[in-house]
Amino acid sequence: MMFPPPNQLPCTCGHCAPPGPSPCKGSAFLMGRILSSGRQWQKNCALCLEVTGLPEHLPPPLTLCQVSAADTTDWEAADDGCGRCSSLLIAIPLKCVVRDGCGCLHKGNACITTQVALRGACCLPDGWRTRLVILPSVRLMTPSCPADCPVFDARLEVLTEVYLTRWEAVTVPPSPCEGQGDLPLYPEPCRCR
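This is a predicted model, so every value here is computed, not measured. (Residues numbered from 1 in each chain as written. Predicted model: local features only at pLDDT ≥ 70, side-chain atom pairs only at ≥ 80, totals over all residues. Heavy atoms only, no water.)

Caption draft 1: Highlighting the environment of Cys-145. By the element assignment, Cys-145 lies in the loop between β6 (131-142) and β7 (151-172). With relative accessibility at 62%, the residue Cys-145 sits in the exposed group. (Helix = DSSP H or I, 4+ residues; strand = E, 2+ residues; numbered from the N terminus. Buried < 20%, exposed > 50% of the residue type's maximum accessible area, 1.4 Å probe, protein only.)

Now the structure itself:
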């Protein structure tokens, strides 16, 4: 029981709630609920990559050394023909590292596209109460053959995961063991005599 400070008398108006724990036990938070998802994994994809953003007049031969996905992606609706799922055409910007004939490394850009089917979606995301999360991963399988211009025949592994989510309020009821102190994560071993 809480007592007021000695120089203050407790309020007796009947409208003030006594200070103390909230009558609502448990917790509430926001959680992203996955409405639909899709995945496209191209394990050994042969592509012709044109790398832009490089300095002009690099001494040949040029070699593509590294490829990774950039942070932002663009998408548009695509027709998949089955009618049961929504399909997205996703443009994945790439960060590329190119070695010139002198052994110097230069950074450039490229772009690839892939198509991913969203399973379980009744409609394409429209931005109203939903959020589209696109997680692309790209890596160079083998270094490309040397070339005289920044156009490379590359073998890439491309993994694209897409999630259509919506934020929902979730409440967790209070634990039945609340107020009994911290419980161990694992039961203590039995000590037999």
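Once the structure has been displayed, the description carries forward.
Caption draft 2: Quick peek at the pairing of strand β4 (residues 86-99). Pairing analysis gives 6 bridges linking strand β2 (residues 63-69) to β4, with the strands arranged antiparallel. Among the inter-strand pairings, Ala-69 is bridged to a residue of β4, identified as Leu-94. With 14 bridges connecting them, β4 and strand β5 (residues 105-118) associate as antiparallel partners. Residue pairing for β5: Pro-93 is matched across the bridge by Cys-111. Turn length for the β4-β5 hairpin, with the two strands adjacent in sequence and antiparallel, is 5 residues, and the turn residue Gly-103 shows positive phi of about 90 degrees. (Pairing = 2+ DSSP bridges.)

Caption draft 3: Highlighting the pattern of salt bridges. Per the stated rule, a full pass over the model turns up 3 salt bridges. A salt bridge links Glu-168 to Arg-33; the nearest nitrogen and oxygen atoms lie 3.3 Å apart. Placement of Glu-168 in strand β7 and of Arg-33 in strand β1 (residues 27-50) is noted, with a sequence separation of 135 residues between them. (Salt bridge = Lys/Arg side-chain N within 4 Å of Asp/Glu carboxyl O.)

Caption draft 4: Summary view of a nonpolar patch on the surface. On the surface, Phe-29, Met-31 and Val-172 cluster together into a nonpolar patch covering about 240 Å² of accessible area. Structurally, Val-172 is set in strand β7. (Patch = residues over 30% accessible without salt bridge, like charges linked within 9 Å, V, L, I, M, F, W, Y side chains within 5 Å. Areas by Shrake-Rupley, 256 points an atom, 1.4 Å probe, with all protein chains shown as cover.)

Caption draft 5: Geometry of the sheet that holds β1. Judged by pairing direction, the sheet is antiparallel, and its 3 strands sit side by side in the order β1-β7-β6 without closing on themselves. On the outer flanks of this sheet lie β1 and β6, each paired with one strand and no other. Across this sheet, the average inter-strand angle for adjacent strands is 20 degrees, counted without regard to direction. Alignment of β1 against β7, held across 21 bridges, turns out to be antiparallel. When the bridges of β7 are listed, Leu-49 appears paired with Phe-152. (Axes fitted to C-alpha atoms, helices over the stretch in contact; angles between N-to-C directions.)

Caption draft 6: Region of the structure containing unusual backbone geometry. For the bond running from Pro-60 to Pro-61, omega is 0 degrees, close enough to zero to count as cis. Its location among the elements puts Pro-61 in the loop between β1 and β2. A positive phi angle, near 60 degrees, is found at His-57, a position not held by glycine. Mapped onto the fold, His-57 is located in the loop between β1 and β2. Given the relative accessible area of 75%, His-57 is considered exposed.

Caption draft 7: Molecular detail of the nonpolar core. With 27 residues, the main nonpolar core has Leu-49, Leu-64, Val-67, Ile-92, Leu-94, Val-138 and Leu-156 as its most contacted residues. With 6 residues, β4 is the single largest residue contributor to this core. In this view, Val-138 contacts Val-67, Ser-68, Ala-69, Ile-92, Leu-94, Ile-112, Leu-156, Glu-157 and Val-158; residues no more than four positions away in its chain are not counted. (Core = buried A, V, L, I, M, F, W, Y, C linked by side-chain atoms within 4.5 Å. Contact = heavy atoms within 4.5 Å.)

Caption draft 8: Molecular detail of the packing of aromatic side chains. Applying the stated criterion across every chain yields a total of 0 aromatic pairs. When the ring centre of Trp-41 is taken as reference, the NZ or CZ atom of Lys-43 above it lies at 4.6 Å. (Phe/Tyr/Trp six-rings, centres within 6.5 Å; stacked < 30°, edge-to-face > 60°. Lys NZ or Arg CZ within 6 Å of the ring centre and 35° of its normal.)

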